[in-house]
Amino acid sequence: MAPSTNQTPAYVIKLVVLVLMSATTTAYLILLRWTRVVATDKYITTIAVALQEVIKFFMALVVLIWQNRSIVGAVRMIKSEAIDKPYDTLKMAVPSFVYALQNNMMYIALSNLDVPIQQILYQLKIPATALCSVFILRRSLSYQQWAACFMVFAGLAMVEYNPEGPYKSPQTTASDQNVFIGISAVMVAVFCSPFAGVYFEKMVKESDTSIWVRNLQMYAWTTTAAFLAVITKDLATVREKGFFFAYTPLVWVLLCIGGVNGLLVSLVLKYADNIVKCFAASVSIILSTILSYFIFQYEFGPGFIIGGMIVCSAICIYAIPLPCLGTKWTSSSTSKKISGASYDKLRSATLNTDNDEI
Ligand code: C5P
């Protein structure tokens, strides 16, 4: 097959999944604000997380059945690629429990830090993703790309910093807060999602197992972890108010969009990578803040415009190598810095995807 026909579909797939992921993330953030801030009755968040994982599991199952054109084919695939390979399935517990750890760390951070500070520190997730990509996937970044990762951190921190924002209400009084514990928790959280994302990226790019089977393996574990969180944290509230307390149709729409978004995240990790995912997600944060201004009349934070401009510049700086900045980035020099077999496998998984079915 000619190289041009090989690469065009991969490029299109990458672009489509990135745009769809950004769109669903924006919609998700808006609906989340609506259901958490505007709605009067608040649903129990641990249950929402658990239901979200169940929905993602069934969505991944439907895609697998559709891909196999039969339920029997899908079941056979699950048996041969997941049930008959318990060690492989066990490996997918790692990102699942790391995501669960992240959720818990965020709760601890929110109880010990003011929300704006926590929001700023959490943006360190982007340089952390770059670090995880370098150490785990042995990817190479130019100085220019590193600078772009720190710029997007700074830009998003400015965009997100809003002491008058809707989430300003502290959950605890200042005397209850332990800043050291709060900062430690947010730092652990900052590395959890990049680690889990990069781990998933490695699993889907370095093995032939279907991405949908990988997702099913992961969602089986995340569902288990999420229901354990319901039992340990909110059992009393569930007994008092009921499992589906405050589940309006809008909350179900939120969960479905969140489900589609999760599947799109997995496709972005397969067809693009974690760092690109962070850049796309930062665009969604900006878009959702602008839309919130029109929908909820939320005021922008003091650094919104400058922060937004820094994020947009960072995206260009990351994507377009500038010789005038003195970097020597070329795709071939990048490939040389990464150990041969590992890089080739990753690169072919990322670029030559025209034979893969989504
Ligand atoms: O915080 P971060 O942007 O890394 O969150 C990624 C989200 O994507 C998580 O909520 C995770 O549950 C979801 N995800 C998914 N399926 C994957 C990988 C990530 O639903 N295969």
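Here's what I pulled together on the structure shown here. This structure is a prediction, so every number in the text was calculated from the model and none was measured. (Residues numbered from 1 in each chain as written. Predicted model: local features only at pLDDT ≥ 70, side-chain atom pairs only at ≥ 80, totals over all residues. Heavy atoms only, no water.)

To continue, consider the nonpolar core. The biggest cluster of nonpolar side chains holds 31 residues, and the ones touching the most others in it are Leu-64, Phe-200, Trp-212 and Leu-267. Put simply, the parts of the chain that give this core at least two residues each are helix H1 (3-38), helix H2 (45-68), helix H3 (71-83), helix H9 (179-205), helix H10 (211-241) and helix H11 (249-271). In terms of residues, this core owes the most to one element, H11, which gives seven residues. Excluding anything up to four places from it in sequence, Phe-200 contacts Met-92, Ile-211, Arg-214, Asn-215, Met-218, Ser-266 and Leu-269. (Core = buried A, V, L, I, M, F, W, Y, C linked by side-chain atoms within 4.5 Å. Buried < 20%, exposed > 50% of the residue type's maximum accessible area, 1.4 Å probe, protein only. Helix = DSSP H or I, 4+ residues; strand = E, 2+ residues; numbered from the N terminus. Contact = heavy atoms within 4.5 Å.)

Of note, the phi angle at Arg-138 is positive, near 55°, even though the residue is not glycine. Tracing the backbone through its elements, the reader meets Arg-138 in the loop between helix H7 (125-136) and helix H8 (143-160). Even without being a glycine, Gln-297 presents a positive backbone phi close to 60°.

Moving on: the site of the ligand. Surrounding the ligand, one finds 13 residues, the nearest of these being Lys-56, Ser-193, Asn-215, Tyr-219 and Lys-277. Side-chain polar atom of Tyr-219 to a nitrogen atom of the ligand: 2.7 Å apart, as the coordinates give it. In the complex, the protein chains occlude 80% of the 480 Å² of accessible area that the ligand would expose alone. Contributing elements (two or more residues each) for the shell around the ligand: H9, H10 and H11. Residues of the shell around the ligand, tallied by class, amount to six nonpolar, four polar and three charged. (Near = heavy atom within 4 Å. Polar contact = N/O pair within 3.5 Å; in protein donor to acceptor, adjacent residues only side chain to side chain. Areas by Shrake-Rupley, 256 points an atom, 1.4 Å probe, with all protein chains shown as cover. Nonpolar A, V, L, I, M, F, W, Y, C, P; charged D, E, K, R; others polar.)

With that settled, consider the pattern of salt bridges. On inspection of all chains with the given rule, the structure shows eight salt bridges. Among the salt bridges present, the one from Arg-214 reaches Asp-88, with a minimum N-O distance of 3.0 Å. Taken together, the residues Arg-214 in helix H10 and Asp-88 in helix H4 (residues 86-91) connect sequence positions 126 residues apart. Per residue, the accessibility class of Arg-214 equals that of Asp-88, and both read buried. With its nearest N and O atoms 2.8 Å apart, the salt bridge here joins Glu-201 to Arg-139. In this pair, Glu-201 sits in helix H9 while Arg-139 sits in the loop between H7 and H8, placing the two residues 62 residues apart along the sequence. Just as Glu-201 is buried, Arg-139 falls in that class too. (Salt bridge = Lys/Arg side-chain N within 4 Å of Asp/Glu carboxyl O.)

Moving on, we come to the packing of H10 against H11. Two numbers describe how H10 lies on H11: the axes approach to 11 Å, and their chain directions differ by 125°. The angle between H10 and H11 falls in the class oblique. The crossing of H10 and H11 is right-handed. Contacts between H10 and H11 involve Ile-211, Trp-212, Asn-215 and Tyr-219 from the former and Gly-262, Leu-263, Ser-266, Leu-267 and Lys-270 from the latter. Of the residues that constitute the contact of H10 with H11, the class distribution is five nonpolar, three polar and one charged. (Axes fitted to C-alpha atoms, helices over the stretch in contact; angles between N-to-C directions. Parallel < 35°, antiparallel > 145°, perpendicular 65-115°, else oblique. Left-handed = near helix turned anticlockwise from the far one by under 90°.)

With their axes 8 Å apart at the nearest point, helix H5 (residues 93-112) and H10 run at an angle of 35° to one another. Where H5 crosses over H10, the handedness of that crossing is right-handed. Residues Ala-93, Pro-95, Ser-96, Phe-97, Tyr-99, Ala-100, Asn-104 and Tyr-107 of H5 lie in contact with H10, whose contacting residues are Met-218, Trp-221, Thr-222, Ala-225 and Lys-233. Of the residues belonging to the contact of H5 with H10, the class tally is nine nonpolar, three polar and one charged.

Structurally, Ala-23 can be placed in helix H1. Looking at Ala-23, the relative accessible area reads 43%, which means it is partly exposed. For the pair formed by Ala-23 and Ser-288, sequence separation is 265 residues and the distance between their alpha carbons is 9.6 Å.

This is a description of form; function is not addressed.
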